Amino acid sequence: MPSEVLVKPILRRRPPQVEHNYLNASRGMASWLLTKDHKRIAILYLIPITAMFFIGALYMALVRIHLMTPTGLLLSPDAYNKSFTAHGVIMVFFFLVPVVPAVLGNFCLPLMIGAKDLAFPRLNLLSWYLYMFGAIWAMTAILAGGVDTGWTFYTPYSSQSSHYNVALTMVGVVIAGFSSLATGLNFIATIHWLRAPGMSWFRLPMFVWTLYATSFIFLLAVPVLAIALILVIVERVFGIGIYDPALGGDPLLFQHLFWFYSHPAVYIMILPGMGIVSEVIPCFARRELFGYKFVAFASFGIAWLSFFVWAHHMFVAGISAYSALVFSALSFMVAIPSAIKVFNWTATLYKGSITFEAPMLFCLGFVALFTFGGMTGLFLATLGVDMHVHDTYFVVAHFHFIMVGGMVIAYMGGLHYWWPKMTGRMYSQWWSKLAALIIFIGFFLTFLPQFVLGYNGMPRRYHHYAPEFQAWNVLSTAGSSILGVGYLLPLFYLPYSLRHGPRAGSNPWRATGLEWQTPSPPPRDNFEVTPIVVRGPYQYPQGKAQHEP
Amino acid sequence: MSREASYLTADLRDMFKHTIVFREELEEQYHDLDQQSQAATFGMWLFLATEVLFFGALFMSVGIYHYLYPEAFEKASERLNWQIGSINTLVLLVSSFTMVLSVHYARLGNKGRLILFLLLTAAIGTAFLGLKGYEYYSDYQENLIPGWKFDSSEWVLDEGLSPTQVPQVKLFLMFYWIMTVIHAVHLTIAITAVLILAWLARLELFSPRYHSPVEVVGLYWHLVDIVWIFLLPMLYLLGTHHLG
């Protein structure tokens, strides 16, 4: 038949585009909303979490514009309180805590250990629904009335005085908390039971180790937060003085319970970021991660210590001098595992063949900013200094260096690192490097002035401030607008790459992890054949810097 | 549930492939049933750890306030119905025994006994809730619900407490309500799970090879039981109760 002749050239002109991957394995809304596939659930998380990030940033844009003049430019005192509270609640509970585990962890963890899925795929989907429900609930409470307590919900203000939607917001936070808890439980079970043959504990990639440590914090800390907030809700609804000193309660109890969760939660936010950096730096320095076991155990050291430092938030709250001393000493100890990590990353770079693609730029930014944030943490752990800078912009700058300079930038690095794996497409190198640079500069400009402000005595959360602080505040606001531009750029070039980006191939960075040995985007079952692992995760041939961007 | 839903059209089947709608006895991510059931049990143990922290925060709060206000707390504790509390302890212990028997017969593959003991467990659990409900009703009649039905004057006049101690009594009673209600919610979830198990057992879902859901729910049931064993002394047995 002549049809043979006719058909063949057509086939050649159209190379087989119907490779089966998780994105086109099945179609329709239901196949997404009822999916068991960890990769699809990661995508499901990515969209609302990104939206929450920009909503939270918008609230802070209002606050920063307002603070341009000493008397305030834009917001009434009430709206000001609600804005910074909305910023904190959204960013902490609905962005920073879930983002890396839920998006990157969900996507990468099974791929990195050679598993077909998480241990409990249905639970994984349930945690997505819990997150969505909690997020929509809290957003409704914030938009319809708002909250003005600050993200910490301190009693007795939150339990007695505030007239806004405190209880409703707390319900949203608790629901989202249980979503994280389910994710953590799922990760631990997966890491214990579903490693591929040969994937021994000390062949696990560092990102997996940090997710493992993070998951334990989820398990042990979230229930305590839930109970602390439930007690506030009960106090508000029934008028019982659980935290009210006038009625026999003790507001310090709330602070103890709250920080027993929320201090470990800080490490929930930073540990997975450290994992990302430990993946990216060896890849772009073409060297094995220096001191693998030290970095792994340092993650657990941080997770373990995180449960014994909570009262350093309460040095001026009236705890005894003796316990303040103990908590101060314990807080200093966190610096040890943190420093081990920074030194190991630096040692990995030493004599490496370093290239500066976007993920590497973000992660080098992380190392610099995290070191800044960590060092200023030592100031705050010092009892005498803390008396001076407590509740000032110094604290604000410190934890933004960790949470934004650390976690957000590491997340951006991870997103850029695994984006070709998730979508099969490569984004623009030029624009992504530019974004990394702008974010880094904008970040420094925003938060470095706040150290000065805080040290000079400008309290946080004030609607007005003394005129001598104006110059630094204007500088900070200017920096935040640069930071905003940096955040907006990926919103354009990443989606643009979905359609117009070049195909990435299975391993664009020539990385050694298991996740790069399967096609991009990965097939629905992750691997054609279950891989057999015969070596550690960072066996880079040293001295050969060749990437295919 | 292990059967593919054959009533779906080809289009729909494509849509629902790899969704939670389909359930296989052996999920694709596991090698064998043994690994799967071990992972499930492990997951439940992790969950129980979170429950310990959840109730632990409450226990600690009660402990602190009891230490601060021993007199008011013990006076308030004496007003609770320790008889029903004790009987309920026995009831829950028996239910744990029947739950263990359910797991035992699930391992043996004895479907009839499995369903029998699951239903018995659920029935005893419901009996606990019934007794608890009766106790709540008598608490209501005795004005023991702070924030809703509570009489401050009787604590000053009859019990001899000072007016400043009345909020402390409320504090104790509030913890009593919070903890027992949260416990009852846990028990309701456990009863529902046991009933679902009985229904699945009737559908021949379990075998000596595959019965990890029974084991997992069993673990949860025992946790609910253990929490009550802590609640009894913490709430009911604080004071020096007079018999009779």
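Residues numbered from 1 in each chain as written. Chains lettered and ligands numbered in written order. Predicted model: local features only at pLDDT ≥ 70, side-chain atom pairs only at ≥ 80, totals over all residues. Heavy atoms only, no water.

## Details of the overall build of chain A
Going by this rule: Only DSSP runs of H or I covering at least 4 residues are called helices, and only runs of E covering at least 2 are called strands; the numbering of each starts at the N terminus. With C-alpha atoms as the basis for the radius of gyration, the globule rule is written as 2.2 Å multiplied by the number of residues raised to the power 0.38. Throughout, exposure labels follow a simple rule: accessible area from a 1.4 Å probe, protein chains only, divided by the maximum for the residue type, with under 20% read as buried, over 50% as exposed, and the rest as partly exposed. Exposure was quantified through the Shrake-Rupley algorithm and a 1.4 Å probe, taking into account, for residues, occlusion by the shown protein chains and nothing else.
Each helix and strand counted, chain A has 16 helices and zero strands in total. The globule rule puts the C-alpha radius of gyration for 549 residues at 24 Å, and the 24 Å found for chain A is close to it. For the C-alpha atoms alone, the extent of chain A along its principal axes is close to 95 × 50 × 45 Å. Here chain A, with 549 residues, has 61% of them falling under the buried criterion. As presented, chain A carries roughly 20,300 Å² of accessible surface, and 71% of it is formed by carbon and sulfur atoms.

## Some details on the overall build of chain B
For clarity, the threshold we go by: Every residue pair with non-hydrogen atoms within 4.5 Å of one another is taken to be in contact. Positive: Lys, Arg. Negative: Asp, Glu. His and the chain ends are not part of the count. By convention, charge coordinates are those of NZ in Lys, CZ in Arg, CG in Asp, or CD in Glu.
Helices and strands together make up the secondary structure of chain B, namely eight helices and two strands. Listing each helix as α and each strand as β along chain B from the N terminus yields α-α-α-α-α-β-β-α-α-α. Taken against the 2.2 N^0.38 rule, which gives 18 Å for 244 residues, the C-alpha radius of gyration of chain B at 23 Å runs more than 25% over that of a compact globule. The buried share among the 244 residues of chain B stands at 50%. Taking all contacts inside chain B whose residues are at least 6 apart in sequence as the whole, residues at least 24 apart take part in 76%. For chain B, the exposed surface amounts to about 11,600 Å²; the carbon and sulfur share of it is 65%. Averaging the positions of the 14 positive and the 23 negative side-chain charges in chain B gives two centres separated by 7 Å.

## With respect to the packing of aromatic side chains
Residue and element names in this part refer to chain A. We count it as follows: Two aromatic rings, drawn from Phe, Tyr or Trp (for Trp, its six-membered ring), form a pair once their centres lie within 6.5 Å of each other, and the interplanar angle then sorts them: stacked below 30 degrees, edge-to-face above 60, tilted otherwise. Only when the NZ of Lys or the CZ of Arg is both within 6 Å of the ring centre and within 35 degrees of the ring normal is a charge said to sit over the ring.
The final tally for this structure, using the stated rule, is 66 aromatic pairs over all chains. Ring centres 4.8 Å apart and planes at 40 degrees place the aromatic pair phenylalanine 443 and phenylalanine 447 in the tilted group. In this pair, phenylalanine 443 and phenylalanine 447 are both assigned in helix H15 (residues 429-455), four residues apart and thus about one turn of the helix distant. The same class applies to phenylalanine 443 and to phenylalanine 447, which are both buried. Among the aromatic residues, those joined into a ring-pair cluster are Phe372, Phe379, Phe394, Phe401, Phe440, Phe443, Phe444, Phe447 and Phe451. In this arrangement the basic side chain of lysine 293 is found over the ring face of phenylalanine 202, its NZ or CZ atom lying 4.3 Å from the centre.

## A closer look at the confidence of the model for chain B
Residues and elements named next belong to chain B. Rule in force here: Each residue gets a pLDDT score, which is the predictor's confidence in that residue and runs from 0 to 100.
Per-chain confidence: chain B averages 89 in pLDDT, with 92% of residues scoring 70 or above. Of all secondary-structure elements in chain B, the lowest mean pLDDT belongs to helix H1 (residues 10-16), at 68, while helix H5 (residues 111-141) reaches the highest, 96. With pLDDT under 50 throughout, residues 1-5 is counted as low confidence; its partners more than four residues away or in other chains account for eight contacts.

## Some details on the pattern of salt bridges
Test applied: Criterion for a salt bridge: a side-chain nitrogen of Lys or Arg within 4 Å of a carboxyl oxygen of Asp or Glu.
Evaluated as defined, the whole model comprises 13 salt bridges over all chains. In this structure, lysine 39 of chain A and aspartate 37 of chain A form a salt bridge, with 3.1 Å as the shortest nitrogen-oxygen distance. Its relative accessible area of 2% is what places aspartate 37 of chain A among the buried residues. Residues glutamate 135 of chain B and lysine 132 of chain B are paired through a salt bridge, measuring 2.9 Å at the closest nitrogen-oxygen approach. With glutamate 135 of chain B and lysine 132 of chain B both in helix H5 and three residues apart, the pair spans about one turn of that helix.

## Re the interface of chain B and chain A
A common way to express how large an interface is: the accessible area buried when the components associate. Keep this limit in mind: Reported buried area values correspond to the accessible surface (1.4 Å probe) lost by two parts on association, with both partners' losses combined. As used in this structure description, the phrase polar contact means that two N or O atoms lie within 3.5 Å; if the pair is within protein, one of them must be able to donate a hydrogen and the other to accept it, and residues adjacent in sequence are counted only when both atoms belong to side chains.
On the chain A side, the residues contacting the 42 residues of chain B number 48 residues. Contact with chain A buries surface across chain B, with His18, Ile20 and Gln29 of chain B losing the most and accounting together for 16% of the total. Put simply, chain B and chain A have three salt bridges between them. In this structure, glutamate 28 of chain B and arginine 524 of chain A form a salt bridge, with 2.0 Å as the shortest nitrogen-oxygen distance. Summed over the shared surface of chain B and chain A, the number is 10 residue pairs in polar contact (both at pLDDT 80 or more). Put simply, the parts of the chain that give the side of chain B that touches chain A at least two residues each are H1, helix H2 (33-68) and helix H7 (166-202) of chain B.

## Section: the layout of surface pockets
Just so we agree on the cut-off: A cavity here means a set of points on a 1 Å grid, drawn over the protein atoms and nothing else, where a 1.4 Å probe fits but cannot get out; a pocket is an open set with protein on both sides within 12 Å along at least five of seven lines, and a residue lines either one if it has an atom within 4 Å of a point. Grid points are joined across faces, edges and corners, and a volume is the space filled by probe spheres set on the points. Residues are sorted three ways: Asp, Glu, Lys and Arg are charged, Ala, Val, Leu, Ile, Met, Phe, Trp, Tyr, Cys and Pro are nonpolar, and all the rest, Gly among them, are polar.
Each pocket or cavity is described by its volume, and for the largest pocket that value is around 1,900 Å³. Looking at the largest pocket, it is lined by 48 residues, and the ones nearest its centre are Leu123 and Leu126 of chain A together with Met44, Phe47 and Val216 of chain B. Mapped by element, the contributors of at least two residues to the lining of the largest pocket are helix H5 (121-143), helix H7 (166-193) and helix H8 (206-238) of chain A together with H2, H7 and helix H8 (212-236) of chain B. By residue class, the composition of the lining of the largest pocket is 37 nonpolar, five polar and six charged. Here the second largest pocket defines a volume of roughly 1,200 Å³.

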